[in-house]
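# Secondary and tertiary structure notes
Chain by chain, the residues run as shown.
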Amino acid sequence: MVFTRRPAAVLTAIVAACAMAISLTACTTDANSQDTADDRTTVTSSAPGVVAMFTPSDGITLNQQTPLNKWAKLTPNLTKALTSAGFKKGDISHTTSDSLDKQSRAIQDYVVNHLSGSNTTDDAGIVISPDNITLLVAPVVEADASTRQYGDYVSQELSTADTAEGSDSTDSSDSSNSSDSSDSSTGSDSTDDSSSDASKTAGDSKNAAQAEAVDRLVSSLKLAKESGMHVVLMGNSIKGYKPDAFVKFSDAQAIGKLQAEKIVSKLELSKASKDNPKHIEVLMPYTAVDESGEASDSTFVQEAFRGIWQVLGAYYQKGVVESPSGTLNGNSTEDDWQSVAYDASKEGSTAKVLDARLAKADEHASPTRIDGIIAMNDYIASEVVTELDDLGYTGSAADINPQITISGIVGNITGKKDLSRSDVPDPIKSPEKDDSADSTDSADTQDDSTATDKTDKTKDSQWPLVTGYGAYVSNIPSIVNGKQWMTGIEDRQTLAENIAEACALLNKGQTLTSMSSVRNTEVGGKKKVPTISGPLLAVSASNLKVTLIDPGYISLADAGL
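Residues numbered from 1 in each chain as written. Predicted model: local features only at pLDDT ≥ 70, side-chain atom pairs only at ≥ 80, totals over all residues. Heavy atoms only, no water.

Right, let's get into a nonpolar patch on the surface. Taken together, the side chains of Val112, Leu115 and Leu223 present a nonpolar region at the surface, about 210 Å² in accessible area. Looking at where Val112 falls in the secondary structure, it is placed in helix H3 (residues 100-116). Since its relative accessible area comes to 41%, Val112 is described here as partly exposed. (Patch = residues over 30% accessible without salt bridge, like charges linked within 9 Å, V, L, I, M, F, W, Y side chains within 5 Å. Areas by Shrake-Rupley, 256 points an atom, 1.4 Å probe, with all protein chains shown as cover. Salt bridge = Lys/Arg side-chain N within 4 Å of Asp/Glu carboxyl O. Helix = DSSP H or I, 4+ residues; strand = E, 2+ residues; numbered from the N terminus. Buried < 20%, exposed > 50% of the residue type's maximum accessible area, 1.4 Å probe, protein only.)

Given below as structure tokens:
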């Protein structure tokens with residue numbers, strides 16, 4: 001009888017313990033949630049919550065001639081940062097779209113489904129409250145071929161003039177177009193008019209579809225915010241719309257300014273003189289005509305040149321910097337972008353432009369002296385490197401600092417040794433302007449003249465500094481060997497960590513004032529928008545290991561090592 005009672009007693013004790021454990025679990029759950037009528041649980045603001053990412057899809061890349069600044073490269077960094085910030089992988093979603101129309105529909109469906117209750121629980125049956133949801137949205141914007149060479153993160157503004165601001169311009173435009181069409185001339189010009197009308201109708205149809213997509217996107221984002229969700233725009237702003245936060249990536253002005261500042265520093269322009277000026281050429285590639293045959297928007301190239309001129313303008317005005325081609329001079333202004341701009345959509349255009357700017361005095365003359373070329377992006381930089389080689393320039397950027405050798409650069413990248421650097425001695429007067437030899441005897445003068453001539457020719461053919469942007473994998477070997485001196489890239493990992501921190505704070509109902517990377521700026525015409533930003537990274541052979549290899553952006557094999 002004793003043996004039959006003991007198991008019963010043990011079983012009773014186990015049941016009691018389980019009941020107590022379940023009771024304690026229920027108490028713990030109640031501290032972080034609230035029960036709903038259908039026995040589901042709603043997550044409160046104390047939990048990390050959900051993040052839904054919506055980004056443009058990357059185009060098909062058939063080679064390595066593409067920038068590292070791509071959305072497909074950023075989203076893994078974002079996912080990793082979000083999980084480190086406490087978000088569950090199952091609570092992080094990512095949707096890519098190849099058009100604004102598709103993206104606006106995807107966001108609309110997501111918001112409506114969550115608010116209607118048809119998609120408000122996770123795998124554990126947990127109901128997600130709207131104030132625990134953050135939408136990370138990088139609006140899809142159209143970019144011409146030359147702009148895409150800088151990568152996906154270049155900030156642009158999505159216009160909502162016909163939609164979000166309640167303007168009737170679309171209807172007015174349609175009415176005007178109808179009127180224009182009905183009044184079109186007849187007779188000998190009827191064929192041309194018909195073709196023109198057809199093209200105009202196609203353009204109007206495209207604009208109407210774009211306006212509808214923008215309207216849908218803005219309406220969906222406004223509905224999301226009104227319901228309690230948080231909206232963070234990444235890269236591209238929307239005119240007239242104020243998000244909870246904005247992530248500012250590189251813009252045209254910042255890209256131009258970065259390259260100009262590095263040129264100034266490396267060439268030590270503060271020490272240059274009129275008697276021995278530095279020679280710099282600026283290349284501003286852009287697409288003159290879009291796919292529909294209409295003039296492209298030149299805002300990007302104008303802003304890029306403005307960033308360059310804000311840095312280099314003063315040196316041209318002082319006469320310590322000259323343009324061998326004469327395209328820029330002391331009288332130039334930040335509005336003279338067209339002096340250095342060219343249509344890069346035409347095959348071989350960069351080589352032709354550079355060949356013309358660095359034209360020799362005659363076929364027997366040495367190459368035209370050039371100290372630096374701002375190529376704007378790595379795609380153009382690669383063409384510049386090829387053309388410089390064809391024009392007879394020799395050496396590399398490493399030669400500008402004699403103590404940094406190619407072997408030293410490779411050793412530094414592979415972690416074998418550190419680089420040592422020293423300033424390059426540069427005379428205040430150029431050899432051809434130095435009259436000090438006049439006091440010597442004729443024999444010495446002749447010898448000096450011969451030596452100076454050889455020095456001049458060597459100096460004339462010296463490889464210049466070539467700058468770019470985008471950190472193309474295909475260009476990394478050229479940076480290692482000094483043919484391309486520097487490139488630029490976004491600090492993706494740091495930006496991802498800051499974005500994840502912002503999402504966590506927003507889902508907890510907190511402001512972003514505690515974040516050092518956040519400051520209030522004007523976004524899309526709206527003031528005081530918390531903006532996450534960070535400095536661009538300038539990459540050269542001397543810091544390539546730290547900036548690109550160590551973070552895992554590229555491998556040693558990518559660097560040609």
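On to the packing of aromatic side chains, then. Scanning the model with the defined rule gives eight aromatic pairs in all. When the centroid spacing of 5.7 Å and the interplanar angle of 85° are considered together, the rings of Trp71 and Phe249 count as edge-to-face. Taken as a pair, Trp71 in helix H2 (residues 71-84) and Phe249 in the loop between strand S10 (245-247) and helix H7 (252-267) lie far apart in primary sequence, 178 residues in all. Here Trp71 and Phe249 have matching classes, each one buried. Put simply, the rings of Trp71, Tyr153 and Phe249 touch in pairs and so form one group of aromatic residues. Over the aromatic face of Trp463 sits the side chain of Lys483, whose NZ or CZ is 4.0 Å from the ring centroid. (Phe/Tyr/Trp six-rings, centres within 6.5 Å; stacked < 30°, edge-to-face > 60°. Lys NZ or Arg CZ within 6 Å of the ring centre and 35° of its normal.)

As a further point, take the nonpolar core. Counting residues in each nonpolar core, the largest one holds 39 residues, and the members touching the most others are Met284 and Leu312. Elements represented by at least two residues in this core include exactly H7, strand S11 (278-282), strand S12 (284-286) and helix H8 (299-318). The leading source of residues in this core is H8, at 10 residues. For Leu312, the contacting residues outside a window of four places in its chain are Ala260, Val264, Leu269, Ile280 and Ile374. Within the second largest apolar cluster, 30 residues are counted, among which are Leu495, Ile499, Leu512 and Ile532. (Core = buried A, V, L, I, M, F, W, Y, C linked by side-chain atoms within 4.5 Å. Contact = heavy atoms within 4.5 Å.)

This paragraph deals with the packing of H7 against H8. Closest axis-to-axis distance for the H7/H8 pair is 7 Å, and the angle between their directions is 25°. In terms of axis orientation, H7 runs roughly parallel to H8. Pair H7 / H8 crosses with right-handed handedness. Side by side, H7 and H8 meet where Ala252, Gln253, Ile255, Gly256, Lys257, Ala260, Glu261 and Val264 of the first sit next to Phe300, Glu303, Ala304, Arg306, Gly307, Ile308, Gln310, Val311, Leu312 and Tyr315 of the second. Across the contact of H7 with H8, the residue classes break down as 10 nonpolar, four polar and four charged. (Axes fitted to C-alpha atoms, helices over the stretch in contact; angles between N-to-C directions. Parallel < 35°, antiparallel > 145°, perpendicular 65-115°, else oblique. Left-handed = near helix turned anticlockwise from the far one by under 90°. Nonpolar A, V, L, I, M, F, W, Y, C, P; charged D, E, K, R; others polar.)

Taken together, the side chains of Lys222, Lys242, Lys526, Lys527 and Lys528 present a region of like positive charge at the surface. Within the secondary structure, Lys527 is located in strand S19 (residues 526-532). (Lys, Arg positive; Asp, Glu negative; His and termini not counted. Charge placed at Lys NZ, Arg CZ, Asp CG, Glu CD.)

For Tyr241, the position within the fold is in the loop between strand S9 (237-238) and S10. In this structure, the C-alpha to C-alpha distance between Tyr241 and Val218, residues 23 residues apart in sequence, is 7.3 Å.

So, on to the confidence of the model for the protein chain. Considering every residue of the protein chain, the mean pLDDT works out to 79; 70% of them sit at 70 or more. Across the protein chain, element-level confidence peaks in strand S15 (residues 372-374) with a mean pLDDT of 98 and bottoms out in strand S1 (residues 33-35) with 39. Contacts of residues 1-45 to residues separated by more than four positions or lying in other chains number 33 contacts, the stretch itself having pLDDT below 50. Low pLDDT (under 50) marks residues 162-188, which in the prediction has 22 contacts with non-local residues, meaning those over four places away or in another chain. (pLDDT = per-residue confidence, 0-100.)

Within the structure shown, the criterion is met by 14 salt bridges. Salt-bridge contacts for Lys102 lead to Asp98; the nearest nitrogen and oxygen are separated by 3.3 Å. With relative accessibility at 54%, the residue Asp98 sits in the exposed group. Between Arg216 and Asp101 there is a salt bridge, with the nearest N and O atoms lying 3.2 Å from each other. Taken together, the residues span a long stretch of sequence, with Arg216 in helix H6 (residues 190-227) and Asp101 in helix H3 at a distance of 115 residues. What makes Arg216 buried here is its relative accessible area of 9%. Classification of Asp101 as partly exposed rests on a relative accessible area of 30%. Shared partners join several salt bridges into a network, and the residues in it are Asp101, Arg105, Glu212 and Arg216.

A separate point is the pairing of S11. Burial runs high along S11: five of the five residues are buried. Residues of S11 alternate between two faces, with Lys278, Ile280 and Val282 on one and His279 and Glu281 on the opposite face, all of them buried. Pairing analysis gives two bridges linking S11 to strand S13 (residues 321-322), with the strands arranged parallel. Opposite Lys278, over in S13, you have Val321 as the bridge partner. As paired elements, S11 and S15 share three bridges and run parallel to each other. Bridge pairing in S15 places Glu281 opposite Ile373. (Pairing = 2+ DSSP bridges.)

In this structure, Glu268 takes a positive phi of about 50° despite not being glycine. Mapped onto the fold, Glu268 is located in the loop between H7 and S11. One non-glycine residue with positive phi stands out, namely Ala471, at about 50°. Turning to its location among the elements, Ala471 is positioned in the loop between strand S16 (465-467) and helix H13 (476-480). Relative accessible area serves as the criterion here: at 0%, Ala471 is assigned to the buried category.

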